Structure formats: C-alpha cells, structure tokens
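Results of the structural survey
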Amino acid sequence: MREEDTPLSAYEFQWPIHKVAIIGAGAGGLIAYREFARMGYQIRLFERDSMPGGNWHYTEDETPPDAPIPNGPSYEADFRPHLPPENVLLPFEQIFEGVEEQMVLEVKRDHRSPKPIWNGLNATGPKFRELPWPEHTPIDINRSHLERYVRAFASFHSLNSNDNNPNISYNTRVERVSKRYNIQSQKETGWTLLLRQFIQTGNNSYKIRWWEEEFDAIVVASGRFNAPNTPLIPGLEQWAQFFPHHITHSRQYRRPDEFNNQSVLIIGGSVSGTEIAEELNGVARKVFLSVRSSEESIHTAPRKMHLSRVPENVSMIPEIKSFHPLPDSGQGIQAGILELFNGSSLKGFDRIILATGYRYSFPFFPQYTNILLRPNETVPIETGRPQPLITDGTHIRSLHLSLFYIEEPTIGFINMNTGIETFLYSEFTTSALAKVWAGQAKLPSAKQMWDIHWQHVNLNSTDGGYRRGFMALGAEKQAAMIRYLVGWLNQEAVKYGGHQVDEMPFLFARLRMLTLSCPFHSSIFHQIGARPFLFRLTPCCCGLTCQLSISQSIPDFPILGRRSVSGLSWWL
C-alpha cells in the first residue's frame, strides 16, 4: 500500500477503515477493544486461550512443551500454523472421537499455549486507569490477584469468556493473514484472516473449526512471549538431546518444590532468572546464576536492579563458554562439565533453567518474515518486495513509532516494546491506532516514515543498529513517548476532530530540570521563559512538533499544568 509521496504529504489510506480485528485478549488487546469500541468501530477480538488475561492466565497442571534447542525458525513461535485440508470449502470442521484423554489435553495445550508465569510471581502494581486498585493494596501484587483483576476489567467491558459477547471469539487462533482484493478491479481492499478454533466436546473427543473473516485493519496484541529464546552455546544441543527434562526454559517453571534438594543452574540475569533464583533459594540444595559480563546499555540499570535482589548464597558465575561433550549419557547429567569464559569449569548440576528470554515471531505473517537477511541487511528497493517485520527474531523492523507497519499501515502493533508498563503504555498506543485509522490524526507519508525509521536505526548504529534491544524503551523513553503521543494526537484533534487524550497524572511530578527533545532524534529545543515555564517547540527533522523530555526530580517543585498553544508553545 503506497501513496504518492511529496515532502510534506500525509499518508492516504487506500480504503476506509471501519472493521478492525484485534489479535490477543491480554491487557493490550482488552484496552484496544475498549478504545476502538469507544470510537464506533466494528470489532472482532480473537484469543487463542479460553479466557482473557494474556500472560496472567496461570495454569498449575499445564506447562508449555520443551523449547527447541537450538532455536526454531523465526516464522514459528510456539506453533506452526495448522491449515485446513486443501480444496475444502470454509467454514470447515474436523471431528475427532475416541481419542486418548491425554492426547486431547495435548492438542488443547498446543492450541492455547500455557503462559510463562509461575505461582509465586509478583508484579509491581500494573493497573487500568479506570479500574484503580483498592487502598492499602500491596506494592507487589501476586499473579493470582492480577489474573482476577484483568478478568474484572474484561467483565466491566463485557469481554469475559462467560459474557457471551458475539464480538469476541475465545479458543480461536489466527493461522494466517492475507491481502484481500476486489474481484473486478484487483485493487487491495483489506485483509482476510484464516481462523482455527479448538472445541473440546468430551474427555475423549474434540473438534477443530476453520473459517475466514474480512477486515479493514488489524491490531496485533499477541504479546512478546510466544517464541522462547535459547542461547547458542556449543554443546548445549547435545546435553538437551540426552537429558531433555533436565534442561528447561523458564516459561515452564511453576513452583520451587520440584527442585527440592537439587543443584540448579540458571542461565540469564534478567527478571525471570533472578526471581526464580530468589525463589529457589532455600529449597534447592545449591543455586548457580550465570550472568553475562556485559549487556546492551539499555538494560544495564534494570539488570543491576534485578541482580540486587539475588540472595547472597546464590552463586553468581560468569557466562558459559561451552558444554563439554558428555562422556557417557548413562552417568547422568551430573557428570557433564561446562566451561566458563573465565577459564574455570563446573559440573554436578541436576537441573538447568534457561532464563534467556524470547524472540519476536508472528506465524500468521509469513509474507513479512525474511530469515535470510543478516542483522543489518535490508531488502533491495529495486526488488519491489516489502521490508520485513521479522528476520532473526531479536527485534521487529519497519515500524513507525513502534506501532504502524510502514509497508502496510493498516497493521498496528501493541506492547511490542520492552521496558514498558504494558497496562499504562497501551492506553496511548491504542488511541494512536484508533485515531489515525479514523482520520482524526495523520501519519506522515511513507517516505517520511521511512526517513524517520532509518534515522532511528542509525541512532542505534553504535550499538549495532537492528539488534536485540532495538525495541527497548525503558522508563525515560516511555515517558517521552507518551508525551509525544499525547501532544501529537491532541494537536491533530484540533485539526481533524475527535476527543482529547487525557493527560497523565505523572506529568504533574516534581521536577528540577526540563529538557526538550524529540524521542527519536537528537534535536534539542530551548527554554525561552521563566517560571511558569514557556517553551517554544519548532518542527523537528521528523516533520512533527516534538514534545518534552523531563528528568531530574527534586522535592517541592510541582509542574502546575500544561496547555497547547497553536501546537507550538507549551506552558507548564
């Protein structure tokens, strides 16, 4: 979908957008539904699980299968699309009877995919803005409370699995997304989703139903935790083949009891690795935590925070260089020797947990996945083929504002950045998608969006350009991005109509220094007034009015308010 580009033109969609598909009923998908419903769209929400909640749907007796070692191809996440038999008319059903009960449960598991959370997992107060937690709620909230909280939000909007809302389809997985064309003119007119639903009809029976639905735009809110990442360490594959149940990914962890009195090695020093190490302490006989000596700079501060929680009697060890060949599998995994990058060796482990994160993968978009491109290669323009979304799975490419697929801006993504508060951030990103598709805000031309994107890639070139961490924001960039979105959308609402996006409470923080900058570029603007502060914002190289970046807080210095003056001057 390409429009004629002029230096200051806005993107023009090739068809009106009225009917929107939302993939995923986690926090982002539920907020997207609320926002699109508020603006009068026709909506269908598809969730592969049996209830809303996304990652916060915990299952005690159902865990994901073993992660592939080495990684599977990036066009597969935790499933390979299961298409209907060739040449059948849709809708089509297959009925399976007389099936062993365990097989029925495995088919159900593979369809819905159990989520990567454990019983003792806590989170620090994520919340929906219209559903505040009660007073005296602890800062750390257990996953069981969060699961019920998200379901309460879904019920508030009639989206729970027992609400019988015809606009939401549970146990339904999106297998494929393809272009839709006008039969006569052959012009693009939208998207067709091929859908697969699992229906259990008894302990020993189930059926699979396939059908298609047509949409004008698609919101991808399927999350970042669908394709487990396993490290490429020499020898690990052989160990996993000999002892598959002794080497697991952190997504399979549920309770510490199963590691009682065992020697456990955890590989990975981020959230899952450090918190599992903390939980195993005192249950396992010994816990080792392998942490790389250097990480991408964007993760340094959070990593230090996570590592600070690790108990002192957890042994921190350097990065693993290799797993030595096993002398005899009959001796057990305890006989295996691993070598560290500092030259030392260790052995005697009963269990190994790979807390090594996840890769990006969208199996329903094979046409926008290109596994042949190396990290910073791009598709030559002269080929006429689209720039992909996914290559090696370490990042998502070709997005404007990490939201709109530049090649096809009727595809939008929610909560794909790392280092964000997903409940909070999706409030603003879903508003951006809904307003742009309704014509209440304008995107730059495709050429301008690509220019902005390549500048963003080049700013990251010192750290590797496209790489793991390319999608990372962190608290400061998240705040800058929220302010950018609020300012842009409200400025556009003055021109094109529509509601104003609510200001965020944290904008009334206590501050000492105010810096003006574009969240994507190095452009810095200057303060031109005293207190109350008046700033003059001029268009940045991205062609848009850039917003405030705020830092260095101290007590007794409140921001008094903020107003837009012709989209250029801001009072605080």
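Residues numbered from 1 in each chain as written. Predicted model: local features only at pLDDT ≥ 70, side-chain atom pairs only at ≥ 80, totals over all residues. Heavy atoms only, no water.

As recorded by an unreviewed UniProt entry, the protein chain carries the name Dimethylaniline monooxygenase and is attributed to Lentinula boryana. Its UniProt record gives the protein chain the following Sequence similarities (unreviewed entry) comment, quoted word for word: "Belongs to the FMO family." (UniProt positions renumbered as here; feature names shortened; annotations may be inferred.)

A few words now on the overall build of the protein chain. From N to C terminus, the protein chain includes nine helices and 29 strands. Residue pairs in contact within the protein chain that sit at least 24 positions apart in sequence constitute 68% of those at least 6 positions apart. Taken as a whole, the protein chain presents about 25900 Å² of accessible surface, with 52% of it coming from carbon and sulfur. (Helix = DSSP H or I, 4+ residues; strand = E, 2+ residues; numbered from the N terminus. Contact = heavy atoms within 4.5 Å. Areas by Shrake-Rupley, 256 points an atom, 1.4 Å probe, with all protein chains shown as cover.)

Let's shift gears to the pairing of strand β14 (residues 286-290). The element β14 is extensively covered by neighbouring structure, given that four of its five residues are classed as buried. Remark: the strand β13 (residues 263-267)/helix α5 (residues 271-280)/β14 crossover connection has right-handed handedness. (Buried < 20%, exposed > 50% of the residue type's maximum accessible area, 1.4 Å probe, protein only. Right-handed = clockwise from strand over helix to strand, strands pointing away.)

Closest axis-to-axis distance for the helix α7 (residues 422-437)/helix α9 (residues 474-496) pair is 10 Å, and the angle between their directions is 30°. On the basis of their axis angle, the class for α7 and α9 is roughly parallel. Handedness of the α7/α9 crossing: left-handed. Where α7 approaches α9, its residues Leu424, Tyr425, Phe428, Thr429, Ser431, Ala432, Lys435 and Val436 are matched on the opposing element by Gln478, Met481, Ile482, Leu485, Val486, Trp488, Leu489 and Ala493. Tallied by class, the residues present in the contact of α7 with α9 amount to 12 nonpolar, three polar and one charged. (Axes fitted to C-alpha atoms, helices over the stretch in contact; angles between N-to-C directions. Parallel < 35°, antiparallel > 145°, perpendicular 65-115°, else oblique. Left-handed = near helix turned anticlockwise from the far one by under 90°. Nonpolar A, V, L, I, M, F, W, Y, C, P; charged D, E, K, R; others polar.)

Our next topic: helix α2 (residues 101-112). Its 12 residues place the ends of α2 17 Å apart at the C-alpha level, agreeing with the 16 Å of an ideal helix rising 1.5 Å per residue. Considered for burial, the residues of α2 that qualify are Val104, Val107, Arg109, His111 and Arg112. The secondary structure elements touched by the buried residues of α2 are β7 (172-181), β8 (188-202) and β9 (205-215). After α2 finishes, the residue serine 113 shows a positive phi value of roughly 65°. (Expected span 1.5 Å × (residues − 1).)

With antiparallel pairing, the three strands of this open sheet are ordered in space as β16-β17-β18. Taken across any chain shown, the strands that pair with only one partner, and hence form the sheet edges, are β16 (320-323) and β18 (345-347). The mean inter-strand angle of the sheet, taken between neighbouring strand axes irrespective of direction, is 30°. Sheet topology places strand β17 (residues 337-340) next to β18; three bridges connect them, and they run antiparallel. Paired with leucine 338 across the strands is leucine 346, a residue of β18. (Pairing = 2+ DSSP bridges.)

Below, the discussion takes up the side chain of glutamate 492. Locating glutamate 492 in the fold gives a position in helix α9. Excluding residues that lie within four positions of it along the chain, glutamate 492 makes contacts with Gln440, Ala441, Lys442 and Gly497.

Enumeration over the complete set of coordinates arrives at 28 salt bridges. The salt bridge partner of aspartate 49 is lysine 115, with a shortest N-O separation of 3.2 Å. Here aspartate 49, found in the loop between β2 (42-46) and β3 (92-96), pairs with lysine 115, found in the loop between α2 and β4 (122-124); they are 66 residues apart in sequence, far enough to count as distant. For aspartate 49, a relative accessible area of 1% gives the class buried. Among the residues examined, lysine 115 registers a relative accessible area of 10% and is labelled buried. Residues arginine 255 and glutamate 60 are paired through a salt bridge, measuring 2.8 Å at the closest nitrogen-oxygen approach. Of the two residues, arginine 255 is situated in the loop between β12 (247-249) and β13 and glutamate 60 in the loop between β2 and β3; the sequence distance between them amounts to 195 residues. (Salt bridge = Lys/Arg side-chain N within 4 Å of Asp/Glu carboxyl O.)

A separate point is the packing of helix α1 (residues 27-38) against α7. Across the interface, α1 lies against α7 with an axial gap of 9 Å and an inter-helix angle of 40°. In terms of orientation, α1 lies oblique with respect to α7. Here the hand of the crossing between α1 and α7 comes out right-handed. Side by side, α1 and α7 meet where Ala27, Gly28, Ile31, Ala32, Arg34, Glu35 and Phe36 of the first sit next to Phe423, Ser426, Glu427, Thr430, Ser431, Leu433, Ala434 and Trp437 of the second. Partitioned by chemical class, the residues of the contact of α1 with α7 number eight nonpolar, four polar and three charged.

Right, let's get into the nonpolar core. Residues Phe36, Ile266, Leu280, Phe365, Phe413 and Trp437 are the most contacted members of the largest nonpolar core, which totals 108 residues. If you tally residues by element for this core, the top one is α7, at nine residues. When sequence neighbours within four positions are dropped, the list of residues in contact with isoleucine 266 reads Gly273, Ile276, Ala277, Leu280, Val287, Phe288, Leu289, Ser290, Ile353 and Ala355. (Core = buried A, V, L, I, M, F, W, Y, C linked by side-chain atoms within 4.5 Å.)

All right, on to the environment of leucine 265 then. Among the secondary structure elements, leucine 265 is positioned in strand β13. As a C-alpha pair, leucine 265 and serine 315 span 50 residues in sequence and 9.4 Å in three-dimensional space. Excluding residues within four positions of it along the chain, leucine 265 makes contact with Phe288, Ser290, Ile317, Ile320, Leu338, Phe349, Arg351, Ile352 and Ile353.

Taking burial as the measure, the five residues of β2 include four buried ones, the bulk of the element. Pairing of strand β1 (residues 19-23) with β2 involves five bridges; the strand directions are parallel. Its bridge partner lying in β2, isoleucine 23 is registered against phenylalanine 46. Following the backbone out of β1, through α1 and into the adjacent parallel β2, one traces a crossover that is right-handed. Both β2 and strand β6 (residues 168-169) contribute to a ladder of two bridges, which runs parallel. What sits directly across from leucine 45, in β6, is isoleucine 168.

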